[in-house]
Amino acid sequence: MSISNITVFMPSVLTLIGIPGLESVQCWIGVPFCIMYLIAMIGNSLLLIIIKSEPSLHEPMYIFLGMLGVTDIALLTSVVPKMLGIFWFHIPEIYFNSCLLQMWLIHTFQGIESGILLAMALDRYVAVCYPLRHAAIFTPHLISQIASVVTLRAALLVAPCLVLIKFRLQFYHKTVISHSYCEHMAIVKLAAGNIQVNKIYGLFVAFNIAVFDLSFITLSYIQIFITVFRLPQKEARLKAFNTCIAHICVFLQFYFLAFFSFFAHRFGSHIPTFIHILISSIYLLVPPFLNPFIYGAKMKQIRIQMVKMFHS
């Protein structure tokens, strides 16, 4: 596919080429991606049904888990159908405004997911360190406030990226994006103008969300471990630790993939482009795919309700 070097004023249509260098096998790459998408959708939907239908699960821990499931479903739906359209049906074109919308949705849902993981860590911190005050602190009103703040923070932080692209970058050298979805820097690099402001703000958003959330999540779990290891009885220590193990697994796999993708994209200049794109795509797919399995395996009440559902 040839890329035009003619400067274009505000192109109405952009082209996503999928995974550069692997165009001939993209149809096969789409198969595991589709399977992971379907399993993630079914798994997260089952979690939501179980949490909604079982009154005993209407607790902060499970409400946050339900919010995480909704976010995962929304994130995958904003990415995977278009990705499969490129891989299987050779429909690479996307309207410029639709591309910006997809970019905003992807980064917003990632920010929301990070915020939910922080809320879950704080919930476990209070439950383990101040168990008698947990119900009084994490009231339904506070949970709704946390959900609103997490959503607004991500949406408002990412929104200026749209404004900066739309009103600062009006001339473009290229209209072909070497990616399988509309990512912020992938769009910015097409522009003919000075993109330094866009780069700086993109890094500001990433570090503002990731560093803030990661710092407080780490501090919460450090305090949790200190409290757990101070418990006199081994059974009590195991019980307290088991309530956190699923969250720790989800937290580790989410941030490990996020930082691996981030540093590979910005500092792995010697890594082939198709590896970058594959890592970025896997980063979006794997957490929503694994989360239902992790919570289903590690949380006894979820597992019991799931068995009851299939038996009935």
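Residues numbered from 1 in each chain as written. Predicted model: local features only at pLDDT ≥ 70, side-chain atom pairs only at ≥ 80, totals over all residues. Heavy atoms only, no water.

In the annotation of an unreviewed UniProt entry, the entry for the protein reads Olfactory receptor, and the organism field reads Bos indicus. Under the heading Sequence similarities (unreviewed entry), UniProt records this for the protein: "Belongs to the G-protein coupled receptor 1 family." UniProt annotates the protein under Function (unreviewed entry) with the comment "Putative odorant or sperm cell receptor." (UniProt positions renumbered as here; feature names shortened; annotations may be inferred.)

1. Regarding the overall build of the protein
Within the protein, the secondary structure is distributed over 10 helices and five strands. In terms of overall dimensions, the protein has a C-alpha envelope of 70 × 45 × 35 Å along the principal axes. Of all intrachain contacts in the protein linking residues separated by at least 6 positions in sequence, the fraction that spans at least 24 positions is 80%. When the accessible surface of the protein is split by element, carbon and sulfur atoms take 71% of a total near 15500 Å². (Helix = DSSP H or I, 4+ residues; strand = E, 2+ residues; numbered from the N terminus. Contact = heavy atoms within 4.5 Å. Areas by Shrake-Rupley, 256 points an atom, 1.4 Å probe, with all protein chains shown as cover.)

2. Details of the pattern of salt bridges
Scanning all chains against the criterion turns up two salt bridges. Across the salt bridge formed by Arg124 and Asp123, the nearest N and O atoms sit 2.9 Å from each other. Under the relative-accessibility criterion, Arg124 is labelled buried at 7%. Across the pair Arg153 and Asp213 runs a salt bridge, and its minimum N-O distance is 2.8 Å. Here the residue Arg153 occupies a position in helix α5 (residues 140-168), and Asp213 occupies one in helix α7 (residues 196-230), the gap between them amounting to 60 residues. (Salt bridge = Lys/Arg side-chain N within 4 Å of Asp/Glu carboxyl O. Buried < 20%, exposed > 50% of the residue type's maximum accessible area, 1.4 Å probe, protein only.)

3. Remarks on the UniProt feature "transmembrane region" (unreviewed entry) in the protein
The sites that carry the UniProt feature "transmembrane region" (unreviewed entry) are, in the present numbering, residues 28-50, 62-89, 101-122, 142-165, 200-228, 240-262 and 274-296. End-to-end, the C-alpha atoms of residues 28-50 are 34 Å apart, and along that stretch the chain is 100% helix and 0% strand. Taken as a whole, residues 62-89 contains 100% helix and 0% strand, while its terminal C-alpha atoms sit 39 Å from one another.

4. Some details on the state of the cysteines
Scanning the entire structure with this criterion turns up one disulfide. Between the sulfur of Cys99 and that of Cys182 lies a disulfide, 2.0 Å long from S to S. Around the S-S axis, the bridge from Cys99 to Cys182 shows a dihedral of about -115° and counts as left-handed. Taken as a pair, Cys99 in helix α3 (residues 96-129) and Cys182 in the loop between β5 (176-177) and α6 (184-188) lie far apart in primary sequence, 83 residues in all. Cys182 shares its class with Cys99; the two are buried. Cys27 takes part in no disulfide bond, and the closest cysteine sulfur to it belongs to Cys34, at a distance of 13 Å. Accessibility expressed as a relative area gives 34% for Cys27, which makes it partly exposed. By relative accessible area, which is 15% here, Cys34 ends up buried. (Disulfide = S-S within 2.5 Å.)

5. Digging into unusual backbone geometry
Comment: phi is negative for the bulk of residues other than glycine, and the bulk of peptide bonds are trans. In this model, Met10 sits at a positive phi of 45°, which is unusual for a non-glycine residue. With respect to the element layout, Met10 can be found in the loop between β1 (8-9) and β2 (13-16). The phi angle at His90 is positive, at roughly 50°, despite the residue not being glycine. A relative accessible area of 64% places His90 in the exposed class.

6. Focus: the sheet that holds β2
Across a sheet, strands are paired by hydrogen bonds formed along the backbone, either parallel or antiparallel in direction. Across the sheet, which stays open at both edges, the three strands sit in the order β3-β2-β5 with mixed pairing between neighbours. This sheet does not close on itself; its edge strands, each paired only once, are β3 (93-95) and β5. Bridging between β2 and β3 involves three bridges; their strand directions are antiparallel. Among the inter-strand pairings, Leu14 is bridged to a residue of β3, identified as Ile94. Where α3 meets the sheet, it contacts β2, β3 and β5, and its direction lies at approximately 85° from that of β3. (Pairing = 2+ DSSP bridges. Axes fitted to C-alpha atoms, helices over the stretch in contact; angles between N-to-C directions.)

7. Examining the nonpolar core
Counting residues in each nonpolar core, the largest one holds 97 residues, and the members touching the most others are Phe64, Ile165, Ile177 and Ile302. Excluding its chain neighbours within four sequence positions, the residues that come into contact with Ile302 are Leu47, Ile50, Ile51, Leu57, Tyr62, Leu65, Tyr295 and Gly296. (Core = buried A, V, L, I, M, F, W, Y, C linked by side-chain atoms within 4.5 Å.)

8. Thoughts on the side chain of Ser114
Looking at the secondary structure, you find Ser114 in helix α3. Among the polar contacts listed, one links the side chain of Ser114 to the side chain of Asp213, at a separation of 2.6 Å. Apart from the residues within four sequence positions on either side, Ser114 is in contact with Ile209, Asp213, Phe254 and Tyr255. (Polar contact = N/O pair within 3.5 Å; in protein donor to acceptor, adjacent residues only side chain to side chain.)

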